[in-house]
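Fold and contact review
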Amino acid sequence: MEELRPPVRCPRCNGQPNWQEIRQPNVDEDYRGRLGVHPLSGWICNLCKYFLAVSQWES
């Protein structure tokens, strides 16, 4: 699985935020790339605090 990156612009405020990664605490780094399991659950926009889930961004 390739490295997940958030979009350049926030879908809510249309700014170019510095995204803060939100990781799932119970997913081991060793599972990265296997069966679609990824330790990253989403990002939070530092400008407007919008949460963008990985599942929303991938679809």
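Residues numbered from 1 in each chain as written. Predicted model: local features only at pLDDT ≥ 70, side-chain atom pairs only at ≥ 80, totals over all residues. Heavy atoms only, no water.

Turning our attention to the overall build of the protein chain. Per the secondary structure count, the protein chain includes 1 helix and 3 strands. Listing each helix as α and each strand as β along the protein chain from the N terminus yields β-β-β-α. Residues classed as buried in the protein chain amount to 29% of the 59 residues present. As presented, the protein chain carries roughly 4300 Å² of accessible surface, and 47% of it is formed by carbon and sulfur atoms. (Helix = DSSP H or I, 4+ residues; strand = E, 2+ residues; numbered from the N terminus. Buried < 20%, exposed > 50% of the residue type's maximum accessible area, 1.4 Å probe, protein only. Areas by Shrake-Rupley, 256 points an atom, 1.4 Å probe, with all protein chains shown as cover.)

The next point concerns the sheet that holds strand 1 (residues 20–23). The antiparallel open sheet is built from 3 strands, whose spatial order is 1-2-3. Every other strand in the sheet has two partners, leaving strand 1 and strand 3 (51–53) as the edge strands with one partner each. Direction aside, the axes of adjacent strands within the sheet are offset by 30° on average. Inspection of the sheet shows strand 2 (residues 40–44) paired to strand 3 by 3 bridges, in the antiparallel sense. Considered in strand 3, the bridge of I44 is made with F51. (Pairing = 2+ DSSP bridges. Axes fitted to C-alpha atoms, helices over the stretch in contact; angles between N-to-C directions.)

Let us now look at the pattern of salt bridges. Pairing is possible between side chains that carry opposite charge, provided their charged atoms lie close to one another. Tallied over the full model, the rule gives 1 salt bridge. Between E21 and R23 there is a salt bridge, with its nearest N and O atoms 2.9 Å apart. By relative accessible area, which is 38% here, E21 ends up partly exposed. The class for R23 is partly exposed, based on a relative accessible area of 36%. (Salt bridge = Lys/Arg side-chain N within 4 Å of Asp/Glu carboxyl O.)

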